[in-house]
Amino acid sequence: MLRNLKINYRSWMSMQVRGIKLPGFISKLMKKKGKGEGEGGEGGKGGIPPTESDKCVSIFRYDPDECDPPYIQQYEIDTKESGQGVLDILLYIKNEIDPTLTFRRSCREGICGSCGMNINGKNGLACIRSAPPGPLILYPLPHMYVIKDLVVDMSNFYRQYKEIQPWLRRCDEKEFKTGTRQLKQSIRDRDKVEGMYECVLCACCSTSCPAYWWHGNQDDRFLGPAALLHAYRWIIDSRDDFYCERLQNLKSMMNLYRCHTIFNCTTACPKHLNPGKLISKLKMMACNRLEKEEPDMQQDNELYDADETARKTQAAGPPVVEPKKKK
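Residues numbered from 1 in each chain as written. Predicted model: local features only at pLDDT ≥ 70, side-chain atom pairs only at ≥ 80, totals over all residues. Heavy atoms only, no water.

### Some remarks on empty space enclosed by the protein
Next, step 1: A complete count under the given rule lists 2 cavities of 30 Å³ or more for this structure.
Next, step 2: One number sums up the size of the largest cavity: a volume of about 100 Å³.
Next, step 3: Cys199, Cys202, Cys205, Cys269 and Leu273 are the residues nearest the centre of the largest cavity, which is lined by 14 residues in total.
Next, step 4: Across the lining of the largest cavity, the residue classes tally to 13 nonpolar, no polar and 1 charged.
Next, step 5: Each pocket or cavity is described by its volume, and for the second largest cavity that value is around 80 Å³.
Next, step 6: Taken together, 13 residues form the lining of the second largest cavity, with Cys209, Cys259, Ile262, Phe263 and Cys265 sitting closest to its centre.
Next, step 7: Mapped onto the lining of the second largest cavity, the elements with two or more residues apiece are α8 (210–215) and α11 (264–268).
Next, step 8: Partitioned by chemical class, the residues of the lining of the second largest cavity number 10 nonpolar, 3 polar and no charged. (1 Å grid on protein atoms, 1.4 Å probe; cavity = no way out; pocket = protein on both sides within 12 Å on 5 of 7 lines; lining within 4 Å. Points joined across faces, edges and corners; volume = space filled by probe spheres on them. Nonpolar A, V, L, I, M, F, W, Y, C, P; charged D, E, K, R; others polar. Helix = DSSP H or I, 4+ residues; strand = E, 2+ residues; numbered from the N terminus.)

Dropping the structure here:
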């Protein structure tokens, strides 16, 4: 299978646009009504007049097995039948009109990040985006290698994510692997990772970043906003012991300084996170203008017994909530 097709914004303007496809029952109805009324009828040459619920959907199509250049396929649908969600429209087209349409989807709740695509010029998740008024135009994520239709090759993106070692690292890691000890964390330290762990790795932020377009595929010269967001998430975690080593790896790869704080990543993030701000904090840490705070709770050598903890919790009963005093 060919994987050498890379889509950028310039190539979108020169693609061939093919004719409109309709659901089978609508096509039969239009032919039947067109024969009965003729050109002077209510529907004219088009048969059925358009309504407010009619929508023209233009979708990028590319099949490497056909060896044809990519093109734009247009579909005419009724949103009363398909629904207003972008993913609902795609499923309707695949089930009722064109079963060859290919795209990724899984959770339908904005959790898995698999249905990332470019929707009317802005990256987002199809499962949580409603179709905007007017025509709907769908492309794969920009500046990514296209496998087929709206499916892009994410292997390089995941490899860059792996470079930051996105897991908890500790000097006494062997003791905690056995599951006999627990890592304690205060509420204040836990709040520091808010706005980072919610990332679903949909690549919407990275593929909207011009610096990632220029350097994203060049020997890890720039890991992208998503990977750097997770790098900061593990650096700032109070339970992680390899803060200096993680930061030094980012400084040695010159990854931090290729971000020009354009904040396209913040605008495109479907989870409303702010990778640009966190990358700025990483830059401040790299030049010693910001340091990691000491954890509020020190880890002890107390053995963790899950059964004993459950018994203590059950004996304590539900927490008592004091009633609010009336002013």
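From this point, the discussion proceeds with the structure in view.
### Concerning the layout of surface pockets
Next, step 1: By volume, the second largest pocket amounts to about 260 Å³.
Next, step 2: Lining the second largest pocket are 15 residues, and of these Lys192, Met196, Tyr232, Leu278 and Lys281 sit closest to its centre.
Next, step 3: Among the elements of the structure, α9 (225–236) and α12 (275–286) are those that each provide at least two residues to the lining of the second largest pocket.
Next, step 4: Among the elements that line the lining of the second largest pocket, the one with the most residues is α12, at 4 residues.

### Here we look at the nonpolar core
Next, step 1: Ile59, Leu90, Ile93 and Leu138 are the most contacted members of the largest nonpolar core, which totals 71 residues.
Next, step 2: For Ile93, the contacting residues outside a window of four places in its chain are Val57, Ile59, Tyr75, Ile77, Asp98 and Leu101. (Core = buried A, V, L, I, M, F, W, Y, C linked by side-chain atoms within 4.5 Å. Buried < 20%, exposed > 50% of the residue type's maximum accessible area, 1.4 Å probe, protein only. Contact = heavy atoms within 4.5 Å.)

### With respect to the side chain of Ser186
Next, step 1: Examined against the element boundaries, Ser186 turns out to sit in the loop between α6 (173–177) and α7 (187–191).
Next, step 2: At 3.0 Å, the side chain of Ser186 forms a polar contact with the side chain of Asp296.
Next, step 3: Discounting chain neighbours no more than four positions away, the residues touching Ser186 are Asp296 and Met297. (Polar contact = N/O pair within 3.5 Å; in protein donor to acceptor, adjacent residues only side chain to side chain.)

### Here's the deal with the pairing of strand β4 (residues 71–78)
Next, step 1: Across the 8 residues of β4, 6 count as buried, placing the element largely inside the fold.
Next, step 2: Here 8 bridges tie strand β3 (residues 54–61) to β4, and the two strands are oriented antiparallel to one another. Pairing of Arg61 across the sheet is with Tyr71, part of β4. (Pairing = 2+ DSSP bridges.)

### What to know about unusual backbone geometry
Next, step 1: Of note in the backbone geometry, His143 takes a positive phi value of approximately 60° without being a glycine.
Next, step 2: Along the chain, the position of His143 falls in the loop between β7 (136–139) and β8 (145–148).
Next, step 3: Owing to a relative accessible area of 18%, His143 belongs among the buried residues under this scheme.

### Things to note about the packing of α9 against α12
Next, step 1: Direction vectors running N to C along α9 and α12 enclose 55°, while the axes themselves pass 9 Å from each other. In this view, α9 runs oblique relative to α12, as classed from their interaxial angle. In the packing of α9 onto α12, the handedness of the crossing is left-handed. Residues Pro225, Leu228, Leu229, Tyr232, Ile235 and Ile236 of α9 form the contact with α12, whose participating residues are Pro275, Leu278, Ile279, Lys281, Leu282 and Met285. (Axes fitted to C-alpha atoms, helices over the stretch in contact; angles between N-to-C directions. Parallel < 35°, antiparallel > 145°, perpendicular 65-115°, else oblique. Left-handed = near helix turned anticlockwise from the far one by under 90°.)

### Points about helix α4 (residues 86–97)
Next, step 1: If you check α4, its first and last C-alpha atoms are 16 Å apart, about what 12 residues at 1.5 Å a residue would give, namely 16 Å.
Next, step 2: Here α4 has its buried residues at Val86, Leu87, Ile89, Leu90, Leu91, Tyr92, Ile93 and Ile97. (Expected span 1.5 Å × (residues − 1).)

### Focus on the pairing of strand β5 (residues 116–119)
Next, step 1: In β5, alternate side chains face the same way, and those of Gly116 and Asn118 on one face and Met117 and Ile119 on the other are all buried.
Next, step 2: Note: β5 against strand β6 (residues 122–125), 4 bridges, orientation antiparallel. Each residue of the ladder has a partner; that of Met117, found in β6, is Gly124.
Next, step 3: Adjacent in sequence and paired antiparallel, β5 and β6 are bridged by 2 residues, among which Asn120 carries a positive phi angle near 50°.

### A short note on the confidence of the model for the protein
Next, step 1: Mean pLDDT over the protein: 82, with 77% of residues reaching 70 or higher.
Next, step 2: Within the model, pLDDT remains below 50 along residues 25–47, and this stretch shows 15 contacts once partners closer than five positions in the same chain are excluded. (pLDDT = per-residue confidence, 0-100.)

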